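Remarks on the overall topology
The lines below spell out each chain.
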Number of protein chains: 2
Amino acid sequence: MEGTLTKPDLSGPREIANQNDAASPDTAIVRLKALVRADLTAVNDEIVERMASHVPMIPALAAHLVESGGKRLRPMLTLAAARACGYDGADHVRLAAAVEFIHTATLLHDDVVDESVLRRGSATANVIWGNQASVLVGDFLFSRAFELMVDVGDLKVLQVLSRASSVIAEGEVMQLAAQKDLSSTLETYLKVVESKTAALFAAAAQVGALVALRQDSGQAPEIEVGLRAYGRNLGVAYQLVDDALDYSGRQASLGKSVGDDFRESKMTLPVVLAFARAGDEEKAFWRRAIGEGRQTDSDFDEAVALMERHGVIAETFAYAKRYASRAKSDLEALPDGAYRQALLDIADFSVARAH
Amino acid sequence: MEGTLTKPDLSGPREIANQNDAASPDTAIVRLKALVRADLTAVNDEIVERMASHVPMIPALAAHLVESGGKRLRPMLTLAAARACGYDGADHVRLAAAVEFIHTATLLHDDVVDESVLRRGSATANVIWGNQASVLVGDFLFSRAFELMVDVGDLKVLQVLSRASSVIAEGEVMQLAAQKDLSSTLETYLKVVESKTAALFAAAAQVGALVALRQDSGQAPEIEVGLRAYGRNLGVAYQLVDDALDYSGRQASLGKSVGDDFRESKMTLPVVLAFARAGDEEKAFWRRAIGEGRQTDSDFDEAVALMERHGVIAETFAYAKRYASRAKSDLEALPDGAYRQALLDIADFSVARAH
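Residues numbered from 1 in each chain as written. Chains lettered and ligands numbered in written order. Predicted model: local features only at pLDDT ≥ 70, side-chain atom pairs only at ≥ 80, totals over all residues. Heavy atoms only, no water.

With that settled, the discussion passes to the packing of helix α8 (residues 131-152) of chain A against helix α8 (residues 131-152) of chain B. Between α8 of chain A and α8 of chain B, the shortest axis-to-axis distance is 12 Å and the interhelical angle comes to 20°. With respect to α8 of chain B, the axis of α8 of chain A lies roughly parallel. By crossing handedness, the relation of α8 of chain A to α8 of chain B is classed as right-handed. Between α8 of chain A, through V135, D139, F142, S143 and F146 of chain A, and α8 of chain B, the contact on the second element is made entirely by V135, D139, F142, S143 and F146 of chain B. Across the contact of α8 of chain A with α8 of chain B, the residue classes tally to six nonpolar, two polar and two charged. (Axes fitted to C-alpha atoms, helices over the stretch in contact; angles between N-to-C directions. Helix = DSSP H or I, 4+ residues; strand = E, 2+ residues; numbered from the N terminus. Parallel < 35°, antiparallel > 145°, perpendicular 65-115°, else oblique. Left-handed = near helix turned anticlockwise from the far one by under 90°. Contact = heavy atoms within 4.5 Å. Nonpolar A, V, L, I, M, F, W, Y, C, P; charged D, E, K, R; others polar.)

Structure follows, in structure tokens:
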């Protein structure tokens, strides 16, 4: 593993499967980054090139988000999926950049919708440039994502990613409609998460497989199905952890404001579970603080205390582990090797993030 | 003409060229609508089908905009362009629906950015459902537009429309950046208009030609170039008239709030020209009201008075007439017939709108 980091000659797959150290979540993401380093550099170049515009506000604002230290997890899924299938072309780089653009556009619009002020430890774009610019630059990045995909010229890929985009938007609207709605269930929660988060993870992994299949039509089609399912389950696990951390993380390690979901009366799983377990008095608390959105300064601490009493944060993490475990079994058909191992480790990482 | 309206058997082109009555602007749009009636019904069906979602807020909000009496000018350009080239397939219907979705998504986001309260005489979606829903449903419609285009499966069409989308977003950002900027020139104004408005008109007409060319590769390629140029010049003319009407129209006939551009300190051509012609005292007025955005209740009337003094509204209409005239010459290569005549009349209509 150390060797992998100091010798970044990683243009081809390397056998580091036996050096698995899934106990350390940071190691998993660092290993994946190292493994796809050359590709990721190409993705970054593509991103910078496609952010270019004669309108100065566009690259300025886009750079703020794109360069603000995101993990680049979604584009890395595309890169690793393609490489795991033995792909040796360049289309996966453009698709990875398109995936990151879709994600970035979603973040810009999310922060406007949520009125967020902090993301990844930095002020959000809507705070610096205003909501208007965030809406419009989001539209620009979204359009650029489609231009990138069109340049790749594969209609199946376009189908998968345009479908993912409308499913994401549907998920965001669903989440908005479910705000303050204490009748939300595990099922409605999962539907939101599968749409707003897991759809892009699934598409990102699937299109990596698709470009490889196009190059080598002898590939087993169950690999594409498996990678899509992997992305989907990984995405759900990832969001479950995110939603648990919003009640249990520390702001410094999370890079966003702890308690945001609570303040926005979002019906994430911890709230769904806590309300389901609540007695009459606790139900009254949730009805006021979430159902009516009338909150005092001490309410967040009270919410966390109620959640701890009923063990719902641990339960949310347990759900996440189940999805991560499914994600790992989805990779059974994938050829053994460093890329497959890195994807397995990422599934472990998704549930072992700082908490 | 009367016959055309009472006998709507208009699935094929009809020779009504000699019945041209360009002096009446309403007649031009009514004639085009009658000419493409069957296609337009199919477009509306496609729109309703593609707005469908298991998330109830989406069709509700989308229907509000889509059904709120828009002229459907952009999708009609696609339909008429395809038919004028002799196209007899069904792809132009899906592309026309995609064009309308892109336009509708842009309107939703525009109204959020501009904080508009009135469009086409109705309350805007952001007023009824809130900014959050408008942003997200706009994203949904935009994604659905791409799904529609992908279903048509023509990469050149996808290229033209995805490019148009990012140019529109660039134009919107440019307009935002130019707000309150009294150093804006005719040139910067035209660049904004060509991007935010004319790019979609151009793409709408061009993709109509493209599906026809695909069906009959014997078509002259200059027809595609001509239809694109027609759309572009028509779009500029259309926006110039819109911007003139914002200072000279009557609210009832315009269907939006007169004076919106002024209140938002938009640097439209009437302001650019009025500031260029202004003496020191008038310049001070524009600097306060537009440059600093500090306005009193009587300022809009004062602005209109200054514009009348310098004849800048008439001048803006004159610019529009020039673009409309260019649009008409762009149709020289197009085969003669009812569709070509309808497109010529629309160019006249664009500059003869209620004022």
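That covers the picture; the talk isn't over yet.
Residue and element names in this part refer to chain B. With the rule as written, the count across this model stands at 42 salt bridges over all chains. In this structure, D348 and K328 form a salt bridge, with 2.9 Å as the shortest nitrogen-oxygen distance. A residue pair is termed long-range when its members are at least 10 positions apart, and D348 in helix α18 (residues 338-352) and K328 in helix α17 (residues 312-329) qualify at 20 residues. By relative accessible area, which is 27% here, K328 ends up partly exposed. (Salt bridge = Lys/Arg side-chain N within 4 Å of Asp/Glu carboxyl O. Buried < 20%, exposed > 50% of the residue type's maximum accessible area, 1.4 Å probe, protein only.)

Moving on to the interface of chain A and chain B. The figure often quoted for interface size is the accessible area lost as the parts come together. Contacts between the two partners involve 37 residues from chain A and, on the opposite side, 37 residues from chain B. Taken together, both faces of the contact between chain A and chain B bury some 3,700 Å²; the carbon and sulfur share is 72%. It is L136, E170 and V173 of chain A that lose the most area in chain A upon contact with chain B, and together they represent 16% of the buried surface on that side. The interface formed by chain A and chain B holds two salt bridges in total. For E147 of chain B, the salt bridge identified is with R163 of chain A, shortest N-O distance 3.7 Å. Counting every contact that joins chain A to chain B gives eight residue pairs in polar contact (both at pLDDT 80 or more). Put simply, the parts of the chain that give the side of chain A that touches chain B at least two residues each are α4 (57-66), α6 (91-114), α8 and α9 (155-178) of chain A. Across the side of chain A that touches chain B, the residue classes break down as 19 nonpolar, 10 polar and eight charged. (Buried area = accessible area lost by both parts, 1.4 Å probe. Polar contact = N/O pair within 3.5 Å; in protein donor to acceptor, adjacent residues only side chain to side chain.)

Residues and elements named next belong to chain B. Positive phi is not limited to glycine here, since R72 has a value of about 60°. Of note, R72 is situated in the loop between α4 (57-66) and α5 (73-84). Overall, R72 belongs to the buried group, its relative accessible area being 10%.

Aligned on chain B, chain A shows an RMSD of 0.0 Å; the corresponding rotation is 180° and the shift along the axis is 0.0 Å. Given the turn and translation reported, the copies of this chain are related as if by a two-fold rotation axis. Rotation axis and chain A: the residue whose C-alpha lies nearest the axis is V135 of chain A, separated from it by 3.6 Å. Of the residues that chain A buries at the interface, 100% are likewise interface residues in chain B, meaning the two copies contact each other through the same surface. (Least-squares fit on C-alpha atoms with pLDDT ≥ 70 in both.)

This next bit is on helix α11 (residues 221-248) of chain B. An ideal rise of 1.5 Å per residue puts 40 Å on 28 residues; α11 of chain B measures up with 41 Å between its terminal C-alpha atoms. Most of α11 of chain B is tucked away, with 21 of its 28 residues classed as buried. (Expected span 1.5 Å × (residues − 1).)

Another point: the environment of H64 of chain B. Residue and element names in this part refer to chain B. Summarising the element assignment, H64 is placed in helix α4. Spatially, the C-alpha atoms of H64 and A98 are 17 Å apart, while their sequence positions differ by 34 residues. When neighbours within four sequence positions are excluded, H64 is seen to be in contact with S122, A123, T124, A125, I128 and W129.

Here we take up a negative patch on the surface. All names here are of chain A. Taken together, the side chains of D280, E281, D301 and E302 present a region of like negative charge at the surface. Position of E281 among the secondary structure elements: in helix α15 (residues 280-291). Using a relative accessible area of 73% as the deciding quantity, one classes E281 as exposed. (Patch = residues over 30% accessible without salt bridge, like charges linked within 9 Å, V, L, I, M, F, W, Y side chains within 5 Å. Areas by Shrake-Rupley, 256 points an atom, 1.4 Å probe, with all protein chains shown as cover. Lys, Arg positive; Asp, Glu negative; His and termini not counted. Charge placed at Lys NZ, Arg CZ, Asp CG, Glu CD.)

Between two aromatic rings, the relevant description is the distance of the centres plus the angle of the planes. Counted under the stated rule, the structure contains 14 aromatic pairs over all chains. On the numbers, 5.8 Å between centres and 25° between planes, the contact of Y247 of chain A with F300 of chain A is stacked. In this pair, Y247 of chain A is assigned in helix α11 (residues 221-248) and F300 of chain A in helix α16 (residues 299-310), connecting sequence segments 53 residues apart. Judged on exposure class, the residue Y247 of chain A and its partner F300 of chain A are both buried. Consider the rings of F262 of chain A and F300 of chain A, whose centres lie 5.8 Å apart with planes at 55°: the pair is tilted. Taken together, the residues span a long stretch of sequence, with F262 of chain A in helix α13 (residues 260-263) and F300 of chain A in helix α16 at a distance of 38 residues. Here F262 of chain A matches F300 of chain A in class, with each residue buried. Through successive ring pairs, a cluster of aromatic residues spans F142 and F146 of chain A together with F142 and F146 of chain B. (Phe/Tyr/Trp six-rings, centres within 6.5 Å; stacked < 30°, edge-to-face > 60°.)

This paragraph deals with the environment of A284 of chain B. Residue and element names in this part refer to chain B. Summarising the element assignment, A284 is placed in helix α15 (residues 280-291). The class of A284 is partly exposed, set by a relative accessible area of 42%. Put simply, A284 and S166 are 118 residues apart on the chain and 37 Å apart in space, counted from C-alpha to C-alpha.

Moving on to α15 of chain A. Residue and element names in this part refer to chain A. Counted at 1.5 Å a residue, the expected span for α15 with its 12 residues is 16 Å, but the 14 Å between its end C-alpha atoms falls short. Turning to α15, its buried residues number three or more, namely E282, K283, F285, W286, A289 and I290. One side of α15 carries all its buried residues, which in axial view fall inside an arc of 155°. Residues of α15 that are exposed and point over 90 degrees away from its buried face: D280 and E281. (Arc of directions from axis to C-beta.)

On the surface, V117, V127 and I128 of chain A cluster together into a nonpolar patch covering about 260 Å² of accessible area. Mapped onto the elements of the fold, V117 of chain A is located in the loop between α6 and β1 (118-119).

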